[in-house]
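Spelled out, the chains give:
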Amino acid sequence: MGAGIAVGTGFQETLLEQGPDAFLLLTADGTITYVNAAAECLFGYSREQLLGVPHHILLSGDGRGGFLRVFGRLGRGSLAGKRPFAAAGRRRDGTEIALEITCSLVTFDAGTAMAVAVRDARHRLDTDSGRRLAVSLLDATLETTADGIVVVSCEGQITGINDQCLKLWGMPAELVAAEDPLALVSFIADQLVHPEYFLQKVSALHADPLMQSQDVLEFKDGRTVELYSRPQRVADAVVGRIWNFRDISSRQRAQDQARRAMEELAEQADKLKELAFQDPLTGLANRILFNERAAAALLTPEPVHVLLLDLDDFKEINDVLGHHAGDEMLVEVARRLQNCVGPHGTVARLGGDEFVVLLVGCRDADAVAQRVVSQLNAPVSIEGTLMRPALSLGVASRNDDAMTSSELLRQADLAMYAAKEAGKNCYVHFRPEMLEALLERTQLTAGLRRAVELGQITVHYQPVISTDRLEVVQFEALARWERGGQLMAPDEFIQTAERSGLIRDIGAEVLRRSCSELQPWLAEDSFRTLAVNVSGVQLQHRDFAERALDIAAWSGVDPHQLVLEVTESVFFDADTHVIAQLSSLRAAGIRVALDDFGTGYSSLGRLQELPVDVVKIDKSFVSMLQTGVEKLPILTSMIHMARSLGLKVTAEGIETPAQARYLMDHGCDALQGFLFSRPVPESQRQLAVRNSVAAIAALEGVPLPLVANPR
């Protein structure tokens, strides 16, 4: 009849089988090993369906675990384990029934089991419906709460424990059945990161039944549990202690994530603030921070000075050695500036190669400026190349008038450009007249822009005489600006045109108009040419050569009759497309003349490397001729060297017959200057030709051909 434990036959078996009460035999783990007929009838299961299965199927959810606690009490010989107790049973059809259960231990050869007598208690329903409802609600709350709850009596017996507590701690069935609080405490402590703290807390609570506590326990597996403990009271008496365990791992993780997120945000905010006020390359203050500190300094009565500088020819470092080398140079300059200024000043990088120093309370700004120029101009090794930084420094100081930081910086900027004009590697103090000059340049730029729009840029022509043919063979086209009823020469506005970018439109207009006006004259003799000045700024535009050839084709001028005059500075541009454009123009037949030769950086020996056809000796060399008998080896060397290289030589700035005769005697190919004619408009060009012929005729000993009806 049994499974695992043999039950003898005879009277005892008949008594059990035919008795009125349901009878079950359970092993220590709660497995059913015997049932009688009354049990089959009470629960609605057959004997075969019950043997070998857990006893849980016969109890409602609220009563599970109770038998194991009774088993533990019986094992300890507790009288409480032998008393009848109420329980809720569950029949096979799912209905619940009220039960009264009595248990006792039974010993067999195979081990110890628990005999369970079950009696239907529905006839003993409690008449106190309020009490039944309260108990029912209490049981439902205990089992449905997400917290693990253990209730321990003052005598040390576990009087209540819910399933969530078993799941939370992973308690084995035998531990629950033993109902040993000390074993339970030890089992919990073994899973904690700090077991000694938990054990001390338990001891303290046991010593003081009225104490309440709230603690956080950390599991070794990473979970976090909140522990609430408070006395269990019935009326005014303390009858036990309630232990409430709440798993807050997910909440703790969320809090930790939120805290880390806040820390990361704070860190990012610090970095953003640092980026907002710090130059990322040098670590110096940036423009924003400089403006803030300058504005704050101007609110104090202390002396305030601004030193603005930039590195001259810094672009060449980037072009020759690369941007990495340029960055190294900027970092080194920043380091030297900080050493010069010290902790009491602010050094900022405004961008590119421009730096600014703010001095507050400094009584000797000149000493600091001199130290900056001296220290920055010292040699520095960049990627194995020894270089000496060049700089221009402007100094502006607060005066008695109210000023803003931007005004002070603007004054320092004007002084810095004055330092550049003064020869660089020096510092210049701001002077009020610099603002006047700035205003004049601004007005000049605005007026020039308006002149270009209104077509007020005109062209004048100056003749060039061939020393071989003794006649006018070329006209140089020169831009003039009709401003306020007066004509302005190129020297007065070309620099402004280049700085503003208007030179491109002005240059194109001069070339277009001169080609159109001189085309008939050029068509009469293929030996005749038109010379037009070209700025290096124009050559920066990659379509210059194409536009020049288009204008020549539009006007009907043979490219072989065009000469473009450039200065030596265009050949020092790092952009190879500049020289490439000149080479393509020469390939199309246009000749290139090197203007103002001798005033730049080229040596005579470098002439053969340049893509030029003509050199024009600057008038500064011609002006050294007074009587015509001087010995000027530099001048004669330039002429002879150019001719030996197959280049034509034109001398400009000729004002006296003595100068003309000297240059003719030394092999100059062409002459140009006021001796022959000043630049004149198109309407007076024929007069210029006649004046040139007359000047040639006046030269002593120069035979002149007959000139009939000069055009």
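Structure first, text after, so check above.
Residues numbered from 1 in each chain as written. Predicted model: local features only at pLDDT ≥ 70, side-chain atom pairs only at ≥ 80, totals over all residues. Heavy atoms only, no water.

I'm lost on the overall build of the protein chain in this one. Help?
A tally of helices and strands in the protein chain yields 25 helices and 27 strands. Looking at the protein chain alone, contacts between residues at least 24 apart form 58% of all its contacts between residues at least 6 apart. Within the structure as shown, the protein chain displays about 36500 Å² of accessible surface, and the carbon and sulfur contribution to it stands at 53%. (Helix = DSSP H or I, 4+ residues; strand = E, 2+ residues; numbered from the N terminus. Contact = heavy atoms within 4.5 Å. Areas by Shrake-Rupley, 256 points an atom, 1.4 Å probe, with all protein chains shown as cover.)

Explanation requested: the nonpolar core in the structure shown.
Side chains of a nonpolar character, in soluble globular proteins, are inclined to be buried together. Judged by nonpolar contacts, the single largest core of 75 residues is most densely connected at Leu635, Ile654, Leu663 and Phe676. Counting residues per element, this core draws most heavily on helix H18 (residues 503-524), which supplies eight residues. Apart from the residues lying within four places of it in its own chain, the contact partners of leucine 663 are Val622, Leu625, Leu635, Ile639, Ala651, Ile654, Cys668 and Leu671. (Core = buried A, V, L, I, M, F, W, Y, C linked by side-chain atoms within 4.5 Å. Buried < 20%, exposed > 50% of the residue type's maximum accessible area, 1.4 Å probe, protein only.)

Just to check I follow, could you spell out the packing of aromatic side chains for this structure?
For any pair of aromatic rings, the description consists of the separation of the ring centres together with the inter-plane angle of the planes. A complete count under the given rule lists six aromatic pairs for this structure. Summarising the aromatic geometry, the rings of tryptophan 481 and phenylalanine 493 are spaced 5.9 Å apart at their centres and angled 85° between planes, so their arrangement reads as edge-to-face. Here the residue tryptophan 481 occupies a position in strand S19 (residues 471-483), and phenylalanine 493 occupies one in the loop between strand S20 (486-488) and helix H17 (494-500), the gap between them amounting to twelve residues. The same class applies to tryptophan 481 as to phenylalanine 493, namely buried. A connected cluster of aromatic rings, assembled from ring pairs, spans Trp169, Phe219 and Phe245. Residue placement shows arginine 685 over the ring face of phenylalanine 475; its charged tip is 5.4 Å from the ring centre. (Phe/Tyr/Trp six-rings, centres within 6.5 Å; stacked < 30°, edge-to-face > 60°. Lys NZ or Arg CZ within 6 Å of the ring centre and 35° of its normal.)

Mind showing me how you'd approach the sheet that holds strand S3 (residues 85-90) here?
The pairing of strands in a sheet happens through backbone hydrogen bonds and is either parallel or antiparallel. Reading across from one edge, S2-S1-S5-S4-S3 is the order of the five strands in this open sheet, with antiparallel pairing throughout. Of all the strands in the sheet, just strand S2 (32-35) and S3 have a single pairing partner and so form its edges. Averaged over all neighbouring strand pairs, the angle between strand axes comes to 35°, with direction disregarded. Where S3 and strand S4 (residues 96-108) come together, six bridges link them in antiparallel fashion. In the strand pairing of S4, glycine 89 is matched with isoleucine 97. (Pairing = 2+ DSSP bridges. Axes fitted to C-alpha atoms, helices over the stretch in contact; angles between N-to-C directions.)

So what exactly am I meant to see when it comes to unusual backbone geometry here?
Across the chain, the bulk of peptide bonds are trans and the bulk of non-glycine residues have phi less than zero. Look at aspartate 313: it is not a glycine, yet its phi comes out positive at around 60°. Considering the arrangement of structural elements, one finds aspartate 313 in the loop between strand S11 (304-312) and helix H12 (314-321). Owing to a relative accessible area of 46%, aspartate 313 belongs among the partly exposed residues under this scheme.

Just to check I follow, could you spell out the side chain of glutamine 411 for this structure?
Mapped onto the fold, glutamine 411 is located in helix H15 (residues 405-421). For glutamine 411, a relative accessible area of 10% translates into the label buried.

Which parts of the structure should I look at to understand the pairing of strand S6 (residues 148-153)?
Consecutive side chains of a regular strand alternate in pointing toward one face of the sheet and then the other. Extensive coverage of S6 is indicated by the burial of six of its six residues. Burial along S6 is two-sided: the face carrying Gly148, Val150 and Val152 and the face carrying Ile149, Val151 and Ser153 are both buried. Where S6 and strand S10 (residues 237-247) come together, six bridges link them in antiparallel fashion. By the bridge assignment for S10, valine 150 is matched with tryptophan 243.

Would you take a moment to explain the sheet that holds strand S12 (residues 345-351) for this structure?
Pairing is mixed in the open sheet, where five strands are placed in the order S12-S13-S11-S16-S17. Each edge of the open sheet carries a strand with a single partner, namely S12 and strand S17 (426-429). Here the average twist between neighbouring strands, direction ignored, is 20°. Pairing of S11 with strand S16 (residues 390-397), which is carried by eight bridges, proceeds in the antiparallel orientation. Paired with aspartate 310 across the strands is serine 392, a residue of S16. Packing against the sheet, helix H14 (residues 365-376) makes contact with S11, strand S13 (354-360), S16 and S17, and its axis sits at approximately 170° to S16.

Is there a simple way to think about the environment of arginine 91 in this case?
Tracing the sequence through the fold places arginine 91 in the loop between S3 and S4. Between the C-alpha atom of arginine 91 and that of serine 60, which follows or precedes it by 31 residues, the distance is 9.1 Å. A distance of 3.5 Å separates the side chain of arginine 91 from the backbone oxygen of cysteine 41, its partner in a polar contact. (Polar contact = N/O pair within 3.5 Å; in protein donor to acceptor, adjacent residues only side chain to side chain.)

So what exactly am I meant to see when it comes to the pattern of salt bridges here?
Charged atoms that come close allow side chains of opposite charge to pair. Taken as a whole and judged by the stated rule, the model has 30 salt bridges. For the salt bridge of aspartate 215 with lysine 201, the shortest nitrogen-to-oxygen distance reads 3.7 Å. Highlighted residues: aspartate 215 in strand S8 (residues 213-218) and lysine 201 in helix H9 (residues 195-207), separated in sequence by 14 residues. With a shortest N-O distance of 3.0 Å, glutamate 433 and arginine 431 are connected by a salt bridge. Exposure remark for glutamate 433: the relative accessible area of 40% places this residue in the partly exposed category. (Salt bridge = Lys/Arg side-chain N within 4 Å of Asp/Glu carboxyl O.)

Is there a simple way to explain helix H16 (residues 432-454) in this structure?
Side chains that are three or four residues apart share a direction in an α-helix, a result of its 3.6 residues per turn. With 23 residues, H16 extends 34 Å between its outermost C-alpha atoms, agreeing within 8% with the 33 Å of an ideal straight helix rising 1.5 Å per residue. Here H16 has its buried residues at Met434, Leu444, Thr445, Leu448 and Ala451. (Expected span 1.5 Å × (residues − 1).)

Help me out: how do you make sense of the environment of glycine 326 in this one?
Tracing the backbone shows glycine 326 in helix H13 (residues 323-341). Of the residues examined, glycine 326 reaches a relative accessible area of 0% and is grouped as buried. Taking the C-alpha atoms as reference, glycine 326 lies 9.9 Å from glycine 352; in sequence the two are 26 residues apart. Once residues within four sequence positions are removed from consideration, glycine 326 is found in contact with Phe314, Ile317 and Asn318.

How should I be thinking about the pairing of strand S25 (residues 648-652) in this particular structure?
Buried residues dominate S25, accounting for four of its five residues. Pairing analysis gives three bridges linking S25 to strand S26 (residues 670-672), with the strands arranged parallel. Within S26, the position partnered with threonine 650 by the bridge is alanine 670. For the crossover from S25 across helix H24 (residues 657-665) to S26, the handedness is right-handed. (Right-handed = clockwise from strand over helix to strand, strands pointing away.)

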